[in-house]
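The primary structure of each chain is shown beneath.
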Amino acid sequence: VTASATGYYSQTKTATIFCGGTTTVDLLSLVPVKFGTYAGRVTDAGTGDPMAGATVSVRNTYYYYWPEASVVAQAISDSDGYYTVTNVPLGDGNAPADWVVFFDAAGYSKTGRVATAVADTVTTVDMALCHAGIAGQIVDAVTQQPIAGATVEAYSQIYWPNGYYWYEIKEVVTEPGLKVKLPPP
C-alpha cells in the first residue's frame, strides 16, 4: 500500500490480504517535503561595490563536468547586490544537499561555489566577482616564432578551505590563427 500527497514524501507499507476479510494497515504518516534557501550579496571584487542584476543560479554539483545540468533554482541580485534563492531541493527525507551556486554578471567571470542546503535554513553565500582574462602568445621554443593553429585550454578550478570555487575565463587575447578552447558556458 502506498500513500502519497502533493508536498509530501510518499510512504509504502506491505499488507497481506485474505479472501473474505479486511486488512487494516497501520497509520501511514507522510513527511512534508521541505526546502533550503541560499541568500547573500554579490559585489565587485575590485571595488567592493554591490552588483545589481547578477544572475544567481543553483545547479547540480556535477555542473562543472556536465554543463547541460539544469538550473534547479535561480534569482537576480537587487540594487544593493542582495539575492535570495528559495525552494532549493534537499536530499531524500529532507537530508541536507550540496549544490553549486553560480554567479554571473555581464563583463565578469562566472564564478561558482559548492554550498550545502539545509531544510528551513538560510545558507549564506556571498560572492565577489572579478574581471579575469588571459593574454599571451604561443611560440616555438627554439625559434621563438608564433605557432599558427596552436590550441590554448583555459580551465580553472580553485579550492578554498571553506568550499570549491570555479572561475570561467571570459576573455582570451591571442595572436591571429591561434585556437582557443574554453570550458562550455
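Here the structure is a predicted model, which means the values were calculated and not measured.

This part takes up the environment of Ser 4. Mapping Ser 4 onto the fold places it in the loop between β1 (2-3) and β2 (11-12). Classification of Ser 4 by relative accessible area gives exposed; the value is 58%. The spacing of Ser 4 and Val 31 is 27 residues in sequence and 9.8 Å in space, taken between C-alpha atoms. Those residues in contact with Ser 4 that lie beyond four places of it in its chain are Ser 10 and Leu 30.

The tally for this structure, following the rule as stated, stands at one salt bridge. Residue Lys 34 pairs with Asp 120 through a salt bridge whose shortest N-O separation is 2.9 Å. Of the two residues, Lys 34 is situated in the loop between β2 and β3 (36-44) and Asp 120 in the loop between β8 (111-117) and β9 (122-124); the sequence distance between them amounts to 86 residues.

Another aspect to go through is the pairing of β8. For β8, a buried count of six out of seven residues is recorded, marking the element as mostly surrounded by other parts of the structure. Across seven bridges, strand β7 (residues 97-104) lies against β8 in antiparallel orientation. Bridge pairing in β8 links Phe 102 to Gly 112.

Both trends apply: most residues other than glycine have a negative phi, and most peptide bonds are in trans. Positive phi is not limited to glycine here, since Asn 87 has a value of about 55°. Relative to the assigned elements, Asn 87 resides in strand β6 (residues 82-88). With a relative accessible area of 49%, Asn 87 lands in the partly exposed category.

Let's shift gears to the packing of aromatic side chains. Note on aromatic pairs: each is described by the distance of the centres and the angle between the planes. Tallied over the entire structure, the rule returns one aromatic pair. With a centroid separation of 5.8 Å and an interplanar angle of 80°, the aromatic rings of Tyr 83 and Phe 103 are classed as edge-to-face. You can see Tyr 83 sitting in strand β6 and its partner Phe 103 sitting in strand β7, a full 20 residues away along the chain. Take Phe 103: its relative accessible area is 0%, and that puts it in the buried class.

With respect to the element layout, Ser 57 can be found in strand β4 (residues 55-59). Ser 57 has contacts with Val 71, Ala 73, Gln 74, Val 100, Val 101 and Phe 102, leaving out every residue within four places of it along the chain.

Quick look at the confidence of the model for the protein now. Counting all residues, the mean pLDDT for the protein is 79, and 72% of those residues have values of 70 or more. This model gives residues 156-168 a pLDDT under 50, and the stretch forms 33 contacts once residues within four places in sequence are excluded. Taken as a whole, residues 173-185 scores under 50 in pLDDT and shows 37 contacts with residues more than four places along the chain or in a different chain.

What tends to happen in soluble globular proteins is that the nonpolar side chains get buried as a cluster. Tyr 38, Tyr 83, Val 85 and Phe 103 are the most contacted members of the largest nonpolar core, which totals 23 residues. Contributing elements (two or more residues each) for this core: β3, β4, β5 (71-76), β6, β7, β8 and β10 (127-129). Per element, the largest residue contribution to this core is four residues, and it comes from β7. What Tyr 83 contacts, discounting residues up to four positions off in sequence, is Tyr 38, Ala 39, Gly 40, Arg 41, Val 42, Val 56, Ile 76, Ser 77, Val 101, Phe 103 and Val 125.

The rules behind these values
By convention here, each chain's residues receive numbers from 1 onward along its written sequence. Per-residue local features of the predicted model are confined to residues with pLDDT of at least 70, and side-chain atom pairs are confined, for both listing and counting, to 80 or more; whole-chain, interface and lining totals are unaffected and use all residues. Heavy atoms throughout the structure, all of them, feed into the side-chain values; hydrogens and water do not. Segments assigned H or I by DSSP are reported as helices when at least four residues long, segments assigned E as strands when at least two residues long, and all are numbered from the N terminus. A simple rule labels every residue: compare its accessible area, found with a 1.4 Å probe on the protein chains alone, to the largest value its type can have, and call it buried under 20%, exposed over 50%, or partly exposed in between. We call two residues in contact whenever any of their non-hydrogen atoms come within 4.5 Å of each other. The term salt bridge refers to a pairing of a side-chain nitrogen on Lys or Arg with a carboxyl oxygen on Asp or Glu at a separation within 4 Å. Strand pairing is assigned whenever DSSP identifies at least 2 bridges connecting the two strands. Note on aromatic pairs: the rings of Phe, Tyr and Trp (six-membered ring only in Trp) are paired at centre separations within 6.5 Å, and the planes decide the class, stacked below 30 degrees, edge-to-face beyond 60, tilted for the rest. A residue's pLDDT is the predictor's confidence in that residue, given on a scale from 0 to 100. Throughout this description, the term nonpolar core refers to a set of buried Ala, Val, Leu, Ile, Met, Phe, Trp, Tyr and Cys residues connected via side-chain atoms within 4.5 Å.

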